[in-house]
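Structural characterization, general
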Amino acid sequence: MIMRCKSKSLLIKQGLIFIFFIIYIYSGNLSAQELKLVNEWSVNDVVDATSDFSGNLYLANEDGVILKYDKNGAVQISYSGPLKSPIYSIDASHTSKIFGFYRDQQSYLILDRFLNPLNEANLSPSVAGFVTETAYSADNNLWLFDQSDLSIKKVNLFSNVVVTSSAIPLVTADEEWDLLQIKEYQNRIYLYNSSKDIYLFDNLGNYIRKLGISSDCQICFDGSQLVFIQDTKILALNIYNNEITEIGAIDSTNNVLKIISANNFIYLIFRNKISVYE
């Protein structure tokens, strides 16, 4: 009788182990599923890209042209200003404005949602030595990276005065710091550099920490997630609990400039094409 009970108990345990194993394998296959390419179109000399709260895509190219696309890849409207110069950073996260930065001219452009110019001005030399990247802030001011002293600064665009300034934390004295992206999101500032590292600052410009992840291209945000690429995997970091989930995988991410997550699609931005996955 005792032997039968033990045998029955053993069979139950073995059955449970088998079930958990199947669930584990199945879950692993789901997390590693390959994303499907659903759309792709050619573009010319893209420098930067962004999306707005409605999921529209904006591309800026080397000729200073900004194109607004719908989710199907159709051009809705475009902007071509007097400056035929690359727009190195573009930001459409503001509810009513589009911000563009001309690095070569050290000037910026503000457009409305219909890409009509609202303001265009030069950055004052008293504000920064040489600005390489910018981000439009939620309070209509400007975050910038000053390459001359390796600092991030917040500038009041109305008074042209530096509100706050913080030095970039260097690991070694001779470390090179080539910033590729600066982004304000939910009262925090994120910096992405050429070493594929991501640095976190608070909304006053105080350094918090370096995130324990690296990305093969410029990052984006979608809800509570920071979306990034490692090898051929598209991953998401929850910015509140630091959990990482795998969105999916694709065949190749070589030469991707930026990833954008919007409308339940993943947009991979290349210099000469846009690839859309779901």
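Anyway, here's the lowdown on the structure attached to this text. (Residues numbered from 1 in each chain as written. Predicted model: local features only at pLDDT ≥ 70, side-chain atom pairs only at ≥ 80, totals over all residues. Heavy atoms only, no water.)

**Side note on the sheet that holds strand β15 (residues 188–193)**
Strands sit in the order β14-β15-β16-β17 across an open sheet of four strands; the sheet is antiparallel. In this open sheet, the two edge strands, each paired with only one partner strand, are β14 (179–185) and β17 (207–214). The mean inter-strand angle of the sheet, taken between neighbouring strand axes irrespective of direction, is 20°. Relative to strand β16 (residues 197–202), β15 is paired through five bridges, and the arrangement is antiparallel. Residue Tyr192 lies in a different strand from β16, and its bridge partner there is Ile198. (Pairing = 2+ DSSP bridges. Helix = DSSP H or I, 4+ residues; strand = E, 2+ residues; numbered from the N terminus. Axes fitted to C-alpha atoms, helices over the stretch in contact; angles between N-to-C directions.)

**Topic: the pairing of strand β3 (residues 57–61)**
A large share of β3 lies buried, amounting to five of its five residues. In β3, alternate side chains face the same way, and those of Leu57, Leu59 and Asn61 on one face and Tyr58 and Ala60 on the other are all buried. Two strands pair when backbone bridges link them, and strand β2 (residues 46–51) and β3 are joined in this way by five bridges, in the antiparallel orientation. By the bridge assignment, Ala49 is partnered in β3 with Leu59. Between the end of β3 and the start of strand β4 (residues 65–69), which pair antiparallel, lie three residues, with Gly64 showing a positive phi angle near 80°. (Buried < 20%, exposed > 50% of the residue type's maximum accessible area, 1.4 Å probe, protein only.)

**A closer look at unusual backbone geometry**
Despite not being glycine, Asp45 shows a phi value in the positive range, around 50°. In this fold, Asp45 is placed in the loop between β1 (37–42) and β2. Positive phi, close to 75°, is recorded for Lys196, a residue that is not glycine. A relative accessible area of 36% places Lys196 in the partly exposed class.

**Topic: the layout of surface pockets**
Rolling a probe over the atoms, with the probe sized like a water molecule, indicates the empty space that remains. Considered as a void within the structure, the largest pocket measures approximately 510 Å³ in volume. For the lining of the largest pocket, the secondary structure elements donating two or more residues are β2, β6 (89–91), β10 (131–136), β14, β18 (220–222) and β22 (258–262). The element best represented in the lining of the largest pocket is β14, accounting for five residues. Split into classes, the residues belonging to the lining of the largest pocket amount to 14 nonpolar, 11 polar and seven charged. When its volume is computed, the second largest pocket comes out at roughly 330 Å³. At the level of elements, β2 and β14 are the ones that each hand at least two residues to the lining of the second largest pocket. At three residues, the largest contribution of residues to the lining of the second largest pocket is made by β2. (1 Å grid on protein atoms, 1.4 Å probe; cavity = no way out; pocket = protein on both sides within 12 Å on 5 of 7 lines; lining within 4 Å. Points joined across faces, edges and corners; volume = space filled by probe spheres on them. Nonpolar A, V, L, I, M, F, W, Y, C, P; charged D, E, K, R; others polar.)

**A closer look at the sheet that holds β4**
Spatially, four strands are ordered β2-β3-β4-β5 in an open sheet, and the strand pairing comes out antiparallel. Pairing within the sheet leaves two strands with one partner each, and these edge strands are β2 and β5 (75–80). Sheet twist, expressed as the mean angle between neighbouring strand axes with direction ignored, is 20°.

**Quick look at the pairing of β10**
Residues in a regular strand project their side chains so that they alternate between the two faces of the sheet. Burial within β10 is extensive, with six of its six residues counted as buried. Where β10 meets strand β11 (residues 142–146), five bridges bridge the pair, whose relative direction is antiparallel. Counterpart to Thr134 in the pairing with β11 is Leu144.

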